[in-house]
Amino acid sequence: MLKKRSMPKVSLTSNSEEETKVCAQHLATQLKAGDIVLLQGDLGAGKTTFVKGLAQAFKVTPKKVVSPTFVIMNHYKGKLPLYHFDLYRLEKAQEIDTLDFDEYFYGEGISLIEWPERLGEYKPKQYYLVEFKHKGEHQREITITSRK
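Reading the values: the criteria
Residues numbered from 1 in each chain as written. Predicted model: local features only at pLDDT ≥ 70, side-chain atom pairs only at ≥ 80, totals over all residues. Heavy atoms only, no water. Helix = DSSP H or I, 4+ residues; strand = E, 2+ residues; numbered from the N terminus. Buried < 20%, exposed > 50% of the residue type's maximum accessible area, 1.4 Å probe, protein only. Contact = heavy atoms within 4.5 Å. Areas by Shrake-Rupley, 256 points an atom, 1.4 Å probe, with all protein chains shown as cover. Polar contact = N/O pair within 3.5 Å; in protein donor to acceptor, adjacent residues only side chain to side chain. Phe/Tyr/Trp six-rings, centres within 6.5 Å; stacked < 30°, edge-to-face > 60°. Axes fitted to C-alpha atoms, helices over the stretch in contact; angles between N-to-C directions. Parallel < 35°, antiparallel > 145°, perpendicular 65-115°, else oblique. Left-handed = near helix turned anticlockwise from the far one by under 90°. Nonpolar A, V, L, I, M, F, W, Y, C, P; charged D, E, K, R; others polar.

Peer 1: Whenever I open this one, the overall build of the chain confuses me. Can you help?
Peer 2: Each helix and strand counted, the chain has two helices and seven strands in total. The proportion of buried residues among the 148 residues of the chain is 49%. Look at the contacts in the chain between residues 6 or more apart in sequence, and 62% of them connect residues 24 or more apart. In the form shown here, the chain has an accessible surface area of approximately 8100 Å², with 47% of it arising from carbon and sulfur atoms.

Here is the structure:
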């Protein structure tokens, strides 16, 4: 479904949380250690649901996946380590200096970052961008772009 070179941008409509998870599982087939996935969208748009689908693809129980809003980062152990960041509470990009992001980015796991616009100058050069837009109560437009 998602090919890095032949399909740098994919858009689809999800009509349920389950469809959002399936979309994430398709992206998971393209991911490898060191990849970064930026998840952008309003509150309640489906970012954490998407992470649950990715986690399931990497053999992490989806029930273990929760938004790390208050702790900034959750680490899930699966076929590859998943580092799930939620930057919602960061007020300035410079606060990232205190979080040792370099320890996780481009390492042996996959970094999943909610609210990536808060990265500012720390935004990586290579990443997958997953954008979520509300289209209805249960309907979302999901656009995935590869910046590889």
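Peer 1: Explain the environment of Lys-135 to me, please; I cannot follow it from the model alone.
Peer 2: Tracing the backbone through its elements, the reader meets Lys-135 in the loop between β6 (127–134) and β7 (140–147). The spatial distance from the C-alpha of Lys-135 to the C-alpha of Ser-14 is 9.2 Å, given a sequence separation of 121 residues. A distance of 3.4 Å separates the side chain of Lys-135 from the side chain of Glu-141, its partner in a polar contact.

Peer 1: What is the right way to look at helix α2 (residues 47–57) in this model?
Peer 2: Given 3.6 residues per turn, any residue in an α-helix points the same way as the ones three and four places further on. Where burial is concerned, most of α2 is hidden: eight out of the 11 residues are buried. Those residues of α2 not exposed but buried are Lys-47, Thr-48, Thr-49, Phe-50, Val-51, Gly-53, Leu-54 and Ala-55. Downstream of α2 by one or two residues, Lys-59 has phi in the positive range, about 65°.

Peer 1: Quick question: what am I supposed to make of unusual backbone geometry here?
Peer 2: When glycine is set aside, most residues are seen to have a negative phi, and most peptide bonds are trans. The backbone phi angle of Lys-59 is positive, close to 65°, even though this residue is not glycine. Looking at the secondary structure, you find Lys-59 in the loop between α2 and β3 (73–76). The phi angle at Trp-115 is positive, at roughly 65°, despite the residue not being glycine. For Trp-115, the location among the structural elements is in the loop between β5 (110–114) and β6.

Peer 1: What exactly am I supposed to notice about the packing of aromatic side chains here?
Peer 2: Both the distance between ring centres and the angle between the ring planes are used here to describe each pair of aromatic rings. Applying the stated rule across the entire model yields three aromatic pairs. Each ring, one from Phe-50 and one from Phe-132, has its centre 5.6 Å from the other, and the planes form 80°; the classification is edge-to-face. In this pair, Phe-50 sits in helix α2 while Phe-132 sits in strand β6, placing the two residues 82 residues apart along the sequence. A relative accessible area of 0% means that Phe-50 is categorised as buried. Ring geometry for Phe-85 against Phe-105: centres 6.0 Å apart, planes inclined by 85°, an arrangement best described as edge-to-face. Of this pair, Phe-85 sits in strand β4 (residues 82–86) while Phe-105 is found in the loop between β4 and β5, placing the two residues 20 residues apart along the sequence.

Peer 1: What am I meant to see in the packing of helix α1 (residues 17–28) against α2 here?
Peer 2: Think of two packed helices as two axes; the pair is described by the angle between the axes and how far apart they sit. It is the contact of α1 with α2, at a shortest axis distance of 7 Å, that shows an interaxial angle of 50°. Here α2 runs oblique to α1, going by the angle between their axes. For the pair α1 and α2, the crossing hand works out as right-handed. Residue-level inspection shows Glu-17, Thr-20, Lys-21, Cys-23, Ala-24, Gln-25, Leu-27 and Ala-28 of α1 in contact with α2, the latter providing Thr-49, Phe-50, Lys-52, Gly-53, Leu-54, Gln-56 and Ala-57. Residues that form the contact of α1 with α2 fall into these classes: seven nonpolar, five polar and three charged.

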